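So the chains spell out like this:
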Amino acid sequence: MAASLAAMSAATGYAMPPARRSPNFVVIYCDDLGYGDIGPMGGREIPTPNLDRMAKEGLTLTDYYAPANVCTPSRAGLLTGRYPIRSGMSRVLNATDTNVMPLTEITIARALKPAYTSALIGKWHLGCNNPSWAPTNYGFDLFYGIPYSHDIQPLRVYEFDRSGARSEWEPDYPRLQQMFYARAEKFIEEQANRPFFLELALSSPHLPNYPAPGFQNGSANAGAYGDTVMEIDAIVGRLMKKLKALGIDQDTLIIFSSDNGPWFEGSTGGLRQRKGGAGFDGGYRVPFIARWPRHIPARRRSDAIAMGIDILPTFCALGGLPLPANELDGRDLSGVLLHGARSPHDELVLFQGEEVVGIRTQQWKYVNADMYQDYFILLEHRGYPQLYDMTRPGEQYSVASLHPDILKAMEQRLSRSAERFGGLRTGPSVLEKQRSAVRHRHVPEQWEGD
């Protein structure tokens, strides 16, 4: 691992201290946290001093996308390094679903074995009503948490280990995030002398909000939602303090992010749409902060496009481990994190369920469908193609009429992706049913023949 980091340093010219050991990896994965809810992404309503400090001491990615705009598929994409359609996890699972993520999927925990001990603490949401649902069946050595969102009933807190031992109890909702952090801290203490991977999957600020004792009414302007974000911020501060006290601060890469954009509350930071909102950024683009003292330069911001599917290959690269043999969609972000390199992606594919609905390149974004009233509606051939210049904020005005060549190229990109992933569907295409009818609508002359 030290040799691989030295090679990266030589290739880029950035002077990096030699690694003392393979790095620990901690992913703090929030539930429904909005892009504009925290200070490093421009939020001003909720004080987040610890996240502000984390960003000052590390890297903020401004154009980072969750693997999906809703929970279950996003979590599958993060753990597998693959677009969620590949694992059949394209919709949100509920308490009665018997579906689980296929046991054949190679998760981050599996990819890092046997060099790393792994724990998933917090929210799982990749299957529950099935004997094989536990994360310990997917490479994790420890699971402590809940099977799905804390608004779903019935809800129990579980603990599993690799021996098969299991315990469960009723949740204490206001103290749930504190319980998750306390168990995470215990795991870190137990593993401090060897490399570990921890996903701390907080179930906040997903509604309903349950502010912990000491955080109620702490947010002057953002209500109970703001209180839970402040609690998350405090947990980040406790984690950084604990790593320093254990002497492993410089050995630990922390990534802070969210599974998708905000739901009924929370700030998109001016981005269009919200959780579940087709291919627009309000549902897809989420906070991303990475901190690894003496390895990731401080006070850096990058607009390199990236996605949660990149975490698995990045951890393999930084841990000096081979990539899984299965087909990955993610790319190694170590150059972006450590040296300010450009994105390794030529494009990112955005889905609504199993439908390809958007393509993002470094400068451009093309969206071909949206949620409207009760409909999932195709926008192709209606006379208003949605092409956006992503150097301008908010996806407010399509510039398709100004850049017809770019529009054509982006349409072709989307078409290729739809064809590429079409064979992985579990049902018929919703948009294909609309396509033939839409083609016969009257459209302005400039768009005829598209």
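Check the entry above for the structure.
The following refers to the structure shown. (Residues numbered from 1 in each chain as written. Predicted model: local features only at pLDDT ≥ 70, side-chain atom pairs only at ≥ 80, totals over all residues. Heavy atoms only, no water.)

Thoughts on the overall build of the protein chain
Helices and strands together make up the secondary structure of the protein chain, namely 11 helices and 18 strands. Against the compact-globule benchmark of 22 Å for 450 residues, the protein chain has a radius of gyration of 21 Å, which places it among compact chains. If one aligns the C-alpha atoms of the protein chain with their principal axes, the spans along those axes are about 65 × 55 × 50 Å. Within the span of the protein chain, comprising 450 residues, buried residues form 62% of the whole. Long-range pairs, those at least 24 residues apart, make up 69% of the contacts in the protein chain with a sequence separation of at least 6. For the protein chain, the exposed area adds up to about 17,700 Å²; of that, 50% sits on carbon and sulfur atoms. Charged side chains of the protein chain number 47 positive and 49 negative; the gap between the two group centres comes to 4 Å. (Helix = DSSP H or I, 4+ residues; strand = E, 2+ residues; numbered from the N terminus. Rg over C-alpha atoms; globule rule 2.2 N^0.38 Å. Buried < 20%, exposed > 50% of the residue type's maximum accessible area, 1.4 Å probe, protein only. Contact = heavy atoms within 4.5 Å. Areas by Shrake-Rupley, 256 points an atom, 1.4 Å probe, with all protein chains shown as cover. Lys, Arg positive; Asp, Glu negative; His and termini not counted. Charge placed at Lys NZ, Arg CZ, Asp CG, Glu CD.)

Some words on the sheet that holds strand β13 (residues 348-352)
The strand order β13-β14-β15-β18 describes an open sheet built from 4 strands, whose pairing is antiparallel. The outermost strands of the open sheet, each flanked by one partner alone, are β13 and β18 (386-389). Shown here is a sheet whose adjacent strand axes are inclined to one another by a mean of 25°, direction ignored. As paired strands, strand β14 (residues 355-360) and strand β15 (residues 364-367) are joined by 3 bridges and run antiparallel to one another. Looking across to β15, one finds that Arg360 is bridged to Lys365. (Pairing = 2+ DSSP bridges. Axes fitted to C-alpha atoms, helices over the stretch in contact; angles between N-to-C directions.)

A look at the sheet that holds strand β10 (residues 288-291)
Pairing in this open sheet of 10 strands is mixed, and the strands run β7-β6-β5-β4-β8-β1-β9-β10-β2-β11 from one edge to the other. Two strands bound the open sheet, and with one partner strand each, they are β7 (166-169) and β11 (300-302). Ignoring strand direction, the axes of neighbouring strands in this sheet form an average angle of 10°. The sheet contact formed by strand β6 (residues 157-161) and β7 spans 4 bridges and is antiparallel. Bridged to Val157 within β7 is Trp169. Here helix α6 (residues 223-245) sits on the sheet in contact with β1 (24-30), β8 (196-201), β9 (252-258) and β10, set at roughly 175° to β9.

Section: the side chain of Glu347
With respect to the helices and strands, the residue Glu347 is situated in the loop between α9 (334-339) and β13. Among the residues examined, Glu347 registers a relative accessible area of 19% and is labelled buried. Polar contacts involving the side chain of Glu347 include one to the side chain of Arg413, which spans 2.6 Å. If we ignore the near neighbours within four places in the chain, the residues touching Glu347 are Tyr83, Ile359, Arg360, Thr361, Arg413 and Ser417. (Polar contact = N/O pair within 3.5 Å; in protein donor to acceptor, adjacent residues only side chain to side chain.)

Quick look at the environment of Pro49
In this structure, Pro49 sits in helix α2 (residues 49-56). The exposed category is assigned to Pro49, whose relative accessible area is 51%. In the structure, Pro49 is positioned 11 residues away from Ile38 in sequence and 9.1 Å away in space, judged by C-alpha atoms.

Structural notes on helix α5 (residues 176-190)
Helix length check: α5 (15 residues) gives 21 Å between terminal C-alpha atoms against 21 Å at 1.5 Å per residue, within 8%. For α5, the complete set of buried residues consists of Leu176, Gln177, Phe180, Tyr181, Arg183, Ala184, Glu185, Phe187 and Ile188. Where α5 is buried, its residues contact β4 (117-123), β5 (142-146), β6, β8 and α6. (Expected span 1.5 Å × (residues − 1).)

Let's talk about the environment of Gly223
Locating Gly223 in the fold gives a position in helix α6. Using a relative accessible area of 35% as the deciding quantity, one classes Gly223 as partly exposed. For the pair Gly223 and Arg110, spaced 113 residues apart in the sequence, the C-alpha separation amounts to 40 Å.

By themselves, these are just geometric observations and shouldn't be taken as functional.
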